Amino acid sequence: MGASSSQHVMDLEPFPDDVLLVILSFVPSRDLLKSCRLVSKRWKQLVDSPTLWKIKCQQEWRKEVFNSALSIPNMNWQRLYLKKPFLRNLIRNPCGTEGLQHWESTDGGDGWKVEDNHFPLEVADSQTSFVTSFRWCKKTQDVDLLKEGLWEDLLDNQQPPICISDWYAGRCDCGCVYEIKVQLLSKDRKHCIDEFTASPDPIPQWNNGIYHQVSHVFHGYGPGVRFVRFFHMGKDTQFWKGWYGSRITNSSVIVRIKKYEEVCGSTAGLNKSVKSHLTRAVESVDKFSDSDSSVSDTSDSDS
């Protein structure tokens, strides 16, 4: 017979809202949305409140990123926490680990192929690349900024920097050509609000095979941006059958949250206010822990 375990159950209803918010901030987001919201009307209001998600962001983010977020008006904290639209690559399958999934491609010559890198690219998530053939191989991916977690007011009024990057190389024994075009598009995907293009000099035959980066930052692009269209293409210069053309990998679209100095000068007061709120809440938890609370024991606990 195994010894039974006990579980301590505490009635949380006597706790004030600011204490419950701190307690709930340590609950995984999935449980908050699927379970905690159903406990009571009060818990639903707390889970839906921006304060809870602001606390979770402060707990998990770097201080400078959180301070920058505080400076943005009308911040949707729940959306920001769940979607995490900033500082992550919004391009899907950037290195070809999923074949051509998430890309719309046009095949030239023998079409696209995914191969292991001939030379390592340390900044890449995977050491694989898309390889082009003896005629232009093209591919495109549209990034839906609203679907990725950004919102219209932020894009139209704050216009956070949109950073794009791409890496390309040639085979050591064959030259290649590479081109890129990235567009910021309106809601209908027809109107181009801003555009970046680059056509670097061809890589000659008998090259060193190392990767070259193309990058650009869109800023001050104006209102109406809803999509980023990422397009690039490549081919070899020797017209050899097979896959001897441009090797393209680690494509990225990253939306960077502006530094708080860029938005409103300083957020020291706002950050101090949030810290004060958390301090009061923790002190309240300690006070309730020292008082008489409703506690019962149950067996078969997994906590």
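Below is a summary of the structure that appears in this document. (Residues numbered from 1 in each chain as written. Predicted model: local features only at pLDDT ≥ 70, side-chain atom pairs only at ≥ 80, totals over all residues. Heavy atoms only, no water.)

1. Some points on unusual backbone geometry
With a phi angle near 60°, Trp206 is a residue other than glycine that sits in the positive phi range. Assignment of secondary structure puts Trp206 in the loop between β8 (192-198) and β9 (212-218). Residues other than glycine seldom take positive phi values, yet Asn250 does so here, at roughly 55°. Of note, Asn250 is situated in strand β11 (residues 247-255). (Helix = DSSP H or I, 4+ residues; strand = E, 2+ residues; numbered from the N terminus.)

2. Considering the environment of Tyr168
Within the secondary structure, Tyr168 sits in strand β6 (residues 162-169). Distance in space between the C-alpha atoms of Tyr168 and Ile248 is 4.4 Å, their sequence separation being 80 residues. Sequence-distant contacts of Tyr168, that is, excluding residues within four places in its chain, are made with Tyr178, Pro200, Ile203, Ile210, Tyr211, His212, Val214, Arg247 and Ile248. (Contact = heavy atoms within 4.5 Å.)

3. Thoughts on the sheet that holds β8
Taken in spatial order, the 5 strands make up an open sheet running β2-β5-β10-β7-β8, and their pairing is antiparallel. The strands lining the two open edges of the sheet, one partner per strand, are β2 (104-106) and β8. Each strand axis lies, on average, 15° off the axis of its neighbour in the sheet, ignoring direction. In this sheet, strand β10 (residues 227-236) lies alongside strand β7 (residues 176-185) in antiparallel orientation, the contact comprising 10 bridges. Bridge pairing in β10 places Val182 opposite Phe230. (Pairing = 2+ DSSP bridges. Axes fitted to C-alpha atoms, helices over the stretch in contact; angles between N-to-C directions.)

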